[in-house]
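For reference, the chains in residue letters:
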Amino acid sequence: MSLPVILLLVAGLLTVISLVQRLAARLSLPGSILFAVVGIAIGTIATVVLHGDLGGRFGDVARVFVDVPVSSGTFIYVFLPALLFQSSLTVDVRRLIEDAAPILLLAVIAVLVATFVIGLALFPIAGVSLVACLLLGAMVATTDSVAVIAIFRDVGAPARLTRLVEGESLLNDAAAIVLFTVLLDLLLGGAGRSPAAAIGSFLFAFVGGVAAGYLGARLVVAMLSWLQDLRLAQVTMTLALPYLVYIIGERGLGVSGVVAAVTAGLVMSAIGPPRIAPRDWQFLNDVWEQLGYWASSLIFVLAALLVPRLLGDFNLHDLLLIAVQIFAALVARALVLFVFLPVVSALKLTQRVGIRYNLVILWGGLRGAVTLALALAITEDAAIPHDVQRFIAVQATGLTLFTLLVSGLTLRPLIRLLGLDHLSAFDQALRAHVLALSRSRVAETVRTIGHRYRFASPLVEAVAGAYQGPPPHALPAGPVTTFTAVASPEDQLRLALVALTQREREIVMEHFDARTISGRTVQEILQDLARLADRTRSRGEAGYQTVAAELAGFGRGFRFAHFLHRRFAIDGPLVDRLADRFERLLTTRIVLDELAPFIDEALVPLVGPRLAPNLHGRLDARRRLTSAALEALALQYPQYAALLEQRFLQRVGLRHEAKEYAALFSERFIGPELYGTLQKDVQAARAATDLRPRLDLGLETRALLARVPLFEALPHEQLDATARMLRPRLAVPGERIVHAGDVGDTMFFIATGEVVVHAPGDDVTLKAGQFFGEMALLQDQPRGADVVATTYCQLLVLSRADLNVLRRSNRAIRQNIDRAAAKRARENQALGPRH
Ligand code: CMP
């Protein structure tokens, strides 16, 4: 068939696809269902025309639709990588990782269970080999979550549930296709291979695919940074990515190309945003959304066109097989949902999923583009016996159609029947509340603009007044729950705190858009805020407080970096973490300052003044915690603090500079050439502020040594030798440096900072220049007290052996340390143990 004909076919289908979209919106049905229906209709009409007496001119057109001139290679190579890459690109990887265990388990185990249950159920009656039955099982084991997720969104299902289903469907595509490839290999003459070899190649293909996708994506992301500000080039580069990893993986390395494409998408979505300007990232996602849409809708329509031909000699036996298959598929899914999933949640790997949601997931297991694409590939593989081809194509299409037309169309009624379409009172109130908030902002804007243009007040009030309260259509029928109708005062506070956190998120995003804060910091803060919102939602005020305290404290990553520094003198990670912390705290302080007026301006008018002190109290507590943590850092590293503040201001300046130049240009005060040069300057300056200044831990032994008066007694020639004995170390506020009762083998000199000794008598504060930890070494006894850092401290650590050397070689130092130890022992004894 000639190229113009193929182009005409595609153009015609694209026209149909776009028009059908309108219909789908009208009927509020997932587009995929209608694509299938329309495809089947076109295919049927074309078949009738071709085989009826209406040949001639029409016959030629009809033939195009019946003998679709698109080969399986097209489906697999052109559409599949794009489709899978796009869906993984939209996934919030960091949150996916939190649920990685259940999702992986669900995806991989569910695919295996479905493959075997369906394959074994069909084998006795299908009349084809077991491998062929299993192959079919693998093809239909993938689920297409798009329709289900659209419905979940509509009914406001918990975000976590949506994530589980989304993640599962993404990974089960990959798992199912790998299994499909392995089984196909087995079917095509790999009869001599053992099951162990099959499992081996499954694992190799999967793990190898992950590695290929990961490396490819890292490489491309590095190049994206280099293509900064050239968004057309950036998108083009990402367009190449899935095809590169797919084909190199599949053909070059013999691993799974599909897994590589999915992994590449996930990696890209995890590490891409901080390295690409927000607007460019948005553009990239928009383009990909369009590409993914083309890929999936074309797969649907093209595959549906073939249905009439596939089902041409459809008979009762086929029908029986389809019925068995449907039943087996449901049983397999039920097994996973009602047996495996509860085990997973019993192991505390995930929250429990309610039975009603499970029913919806069970019935909502629609099959989609991936199954159809694989079926098409099978029908065109000449190496596969004809009866197997027919069996697989008819069965896969049959199940897909059943799920689309029967399950798809009944899913919404089922949800209604189960009562899942009612938001909980809390969610309803939250929604009403959030809507009212944004609407009151609209009212404010209308008023400001009305007055600025000096329109009559009554007129302005009339228009602005329409925005007071929630919009009439947005709420479900029935009594509208308003904020004050939420039962308890605790719930009201909970609601207001959630709204406060949402506003905080918005402010962070505004800064990110203005490029005043770096992508890396934004990612961290957004994650923190998501946790804050989640916990506040589930535990109310107490949850808010707990997370707020955690946010000002040291997280797991920091503690690990600090451990590396303490134990192995590996400083790199600690330097990074400290700089991260600095930036995060500074940003948080700025954001919280901006957030404070929101309480009085927006929340109080809605929730009443009663809650105001409480809200201010919570926010002030957070500001205090943040400021204290920031000040502690700034005290130790004042220069770095100044550097960061300067950088923030510079970024604010750059943003306004860019805006000014753009205005001058658009008003023709400056020409394109000058504008171009100015823009370049701004870009260069911006690139310079993107590089974070390096934090110097300031742990230089000689410099620290000079801060401890004790060592003034050392003659010049002994200084170097002593410096070599001492190891510098940073302690963080709250760190317990010495544990009472431990066996001690080191002592510490304080170069900067402060510690408190919880001595038997009373707390004693030790400052820069003093030392501690000497008593256990001198008196050969366990540590006599806890010593806790109250600020960041730069310490010098001396081992027991080196202390002895030092004491032997310098009398003044020996006397000094020994006297101090003796005096402390006397004090402790005199005051006696504390009660
Ligand atoms: P050590 O017993 O090794 O560990 C705890 C340390 O706290 C101890 O050594 C002293 O260095 C310090 N310490 C104990 N008691 C006092 C005190 N009364 N005043 C100052 N420092 C003390």
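Just so it is clear, the structure is predicted and the values come from calculations on it, not from any experiment.

Trainee: In this structure, what is going on with the overall build of the protein? I would like to understand it.
Mentor: Scanning the protein from N- to C-terminus turns up 33 helices and eight strands. Oriented by its inertia axes, the alpha-carbon framework of the protein measures out at about 115 × 85 × 65 Å. Each of the 835 residues in the protein was classed as buried or not, and the buried ones make up 49%. A sequence separation of at least 24 residues applies to 79% of the contacts in the protein between residues at least 6 apart. On the protein, roughly 39800 Å² of surface is accessible, and the fraction owed to carbon and sulfur atoms is 62%.

Trainee: Any chance you could explain the pairing of strand S3 (residues 746-752) here in plain terms?
Mentor: Burial runs high along S3: seven of the seven residues are buried. Two elements, S3 and strand S8 (residues 793-799), share six bridges in a ladder whose sense is antiparallel. When the sheet's bridge partners are listed, Phe748 is paired in S8 with Val797. Pairing of S3 with strand S6 (residues 771-772) involves two bridges; the strand directions are antiparallel. In the sheet register, Phe748 faces S6, and the bridge partner there is Phe772.

Trainee: Explain the packing of aromatic side chains to me, please; I cannot follow it from the model alone.
Mentor: Aromatic rings considered in pairs are described by the distance between their centres and by the relative angle of their planes. Taken as a whole and assessed by the stated rule, the structure comprises 12 aromatic pairs. When the centroid spacing of 6.3 Å and the interplanar angle of 50° are considered together, the rings of Tyr453 and Phe455 count as tilted. Residue class for Tyr453 comes out exposed when judged on its relative accessible area of 52%. By relative accessible area, which is 48% here, Phe455 ends up partly exposed. Judged by centre distance (4.9 Å) and plane angle (55°), the ring pair of Phe711 and Phe749 falls under tilted. Taken together, the positions of Phe711 in the loop between helix H29 (701-705) and helix H30 (716-725) and Phe749 in strand S3 put the pair 38 residues apart, joining distant regions of the chain. For Phe711, a relative accessible area of 3% gives the class buried. Each member of the aromatic cluster is reached from another via a ring pair, and the members are Phe554, Phe558 and Tyr792. Directly above the ring of Phe283 sits Arg231, whose terminal nitrogen or CZ lies 3.9 Å from the centroid.

Trainee: For this particular structure, what's the right way to read the environment of Ile149?
Mentor: Mapped onto the fold, Ile149 is located in helix H8 (residues 146-155). Residue classification places Ile149 among the buried positions, given a relative accessible area of 5%. Setting aside its immediate chain neighbours within four residues, Ile149 contacts Thr162, Val165 and Glu166.

Trainee: How should I be thinking about the sheet that holds strand S4 (residues 755-758) in this particular structure?
Mentor: By definition, the strands of a sheet pair up through backbone hydrogen bonds, in either a parallel or an antiparallel sense. Judged by pairing direction, the sheet is antiparallel, and its four strands sit side by side in the order S2-S7-S4-S5 without closing on themselves. With partners counted over all chains shown, the strands left at the sheet margins are strand S2 (736-738) and strand S5 (763-766), one partner each. The average angle at which neighbouring strand axes cross in this sheet is 30°, direction not considered. Here two bridges tie S2 to strand S7 (residues 786-789), and the two strands are oriented antiparallel to one another. Bridge pairing in S7 links Val738 to Val787.

Trainee: Is there a simple way to think about the sheet that holds strand S1 (residues 727-731) in this case?
Mentor: Here four strands make up an open sheet; going across it, the order is S1-S8-S3-S6 and the pairing antiparallel. At either margin of the open sheet sits one strand with a lone partner, and together these are S1 and S6. Strand contacts of helix H32 (residues 800-809): S3 and S8, with the helix running at about 80° to S8, the strand carrying the most contacts.

Trainee: Can you help me understand the site of the ligand in this one?
Mentor: With respect to spatial proximity, 16 residues lie near the ligand, and among them Gly773, Glu774, Arg783, Gly784 and Asn828 are the closest. Ala776 is positioned such that a nitrogen or oxygen atom in its backbone is 3.0 Å from an oxygen atom of the ligand. A distance of 3.1 Å separates an oxygen atom of the ligand from a polar side-chain atom of Arg824. For the ligand, whose unbound accessible area comes to 460 Å², protein coverage reaches 98%. Put simply, the parts of the chain that give the shell around the ligand at least two residues each are helix H31 (774-779) and helix H33 (811-831). A breakdown of the residues in the shell around the ligand according to their chemical character gives nine nonpolar, three polar and four charged.

Trainee: Quick question: what am I supposed to make of the domain arrangement of the protein here?
Mentor: Interface size is often expressed as the accessible area that is lost when the parts come together. Each assigned domain of the protein is listed with its residue range as follows: domain 1 (3-66), domain 2 (72-417), domain 3 (425-485), domain 4 (488-636) and domain 5 (701-834). Contacts between the two partners involve 21 residues from domain 1 and, on the opposite side, 20 residues from domain 2. The contact between domain 1 and domain 2 buries some 1800 Å² in all, and 81% of this surface belongs to carbon and sulfur atoms. Per-residue buried area on domain 1 facing domain 2 is highest for Ile17, Ile33 and Ile40; these three make up 26% of the total on that side. For the pair domain 1 and domain 2, the interface holds zero salt bridges. Seen at the junction of domain 1 and domain 2, the total is one residue pair in polar contact (both at pLDDT 80 or more). For the side of domain 1 that touches domain 2, the elements supplying multiple residues, two or more each, are helix H1 (3-27), helix H2 (31-51) and helix H3 (56-66). The leading source of residues in the side of domain 1 that touches domain 2 is H2, at 11 residues. Partitioning the side of domain 1 that touches domain 2 into residue classes produces 14 nonpolar, seven polar and no charged.

Trainee: Help me understand the pairing of S1, please; the structure alone is not making it clear to me.
Mentor: Two faces belong to every sheet, and in a regular strand the side chains alternate between them. Most of S1 is tucked away: four of the five residues are buried. Note: S1 against S8, five bridges, orientation antiparallel. Across the sheet, the residue bridging to Arg727 is Val797, located in S8.

Trainee: It is not clear to me how unusual backbone geometry should be interpreted in this structure. Could you clarify?
Mentor: What you tend to see is this: most non-glycine residues have negative phi, and most peptide bonds are trans. Although it is not a glycine, Arg515 sits at a positive phi angle of roughly 60°. Inspection of the secondary structure assignment puts Arg515 in the loop between helix H21 (489-513) and helix H22 (519-539).

Trainee: Explain the pattern of salt bridges to me, please; I cannot follow it from the model alone.
Mentor: Overall, the coordinates contain 27 salt bridges when judged by the stated rule. Among the ionic pairs, Glu774 bridges to Arg824, the shortest N-O distance being 2.9 Å. Of this pair, Glu774 sits in helix H31 while Arg824 sits in helix H33, and the two are 50 residues apart along the sequence. Accessibility classification places Glu774 together with Arg824 in one group, the buried group. A single salt-bridge network, built from bridges that share partners, covers Arg577, Asp580, Glu583, Arg647 and Arg692.

Trainee: I would appreciate a short explanation of helix H28 (residues 672-690) in the present structure.
Mentor: Given 3.6 residues to a turn, an α-helix orients residues that are three or four positions apart in the same direction. Taking 1.5 Å per residue, 19 residues should reach 27 Å; H28 reaches 26 Å between its end C-alpha atoms and fits that length. Every buried residue belonging to H28 is among Tyr675, Leu678, Val682, Arg686 and Thr689, and all of these are buried. Taken around the axis of H28, the buried residues stretch over an arc of 80°, which confines them to a single face. Relative to its buried face, H28 has exposed residues pointing more than 90 degrees away, namely Glu673 and Lys680. Packed against the buried residues of H28 are helix H27 (638-666).

Trainee: What should I look at first to understand the environment of Ala548 in this one?
Mentor: Summarising the element assignment, Ala548 is placed in helix H23 (residues 541-552). Judged by relative accessible area, Ala548 falls into the buried class, the value being 7%. A C-alpha to C-alpha distance of 44 Å links Ala548 and Gly257, two positions 291 residues apart in sequence. Other than its neighbours up to four places away in sequence, Ala548 contacts Leu532, Arg622 and Leu625.

Scoring rules and cut-offs
Residues numbered from 1 in each chain as written. Predicted model: local features only at pLDDT ≥ 70, side-chain atom pairs only at ≥ 80, totals over all residues. Heavy atoms only, no water. Helix = DSSP H or I, 4+ residues; strand = E, 2+ residues; numbered from the N terminus. Buried < 20%, exposed > 50% of the residue type's maximum accessible area, 1.4 Å probe, protein only. Contact = heavy atoms within 4.5 Å. Areas by Shrake-Rupley, 256 points an atom, 1.4 Å probe, with all protein chains shown as cover. Pairing = 2+ DSSP bridges. Phe/Tyr/Trp six-rings, centres within 6.5 Å; stacked < 30°, edge-to-face > 60°. Lys NZ or Arg CZ within 6 Å of the ring centre and 35° of its normal. Axes fitted to C-alpha atoms, helices over the stretch in contact; angles between N-to-C directions. Near = heavy atom within 4 Å. Polar contact = N/O pair within 3.5 Å; in protein donor to acceptor, adjacent residues only side chain to side chain. Nonpolar A, V, L, I, M, F, W, Y, C, P; charged D, E, K, R; others polar. Domains from an automatic or database assignment. Buried area = accessible area lost by both parts, 1.4 Å probe. Salt bridge = Lys/Arg side-chain N within 4 Å of Asp/Glu carboxyl O. Expected span 1.5 Å × (residues − 1). Arc of directions from axis to C-beta.

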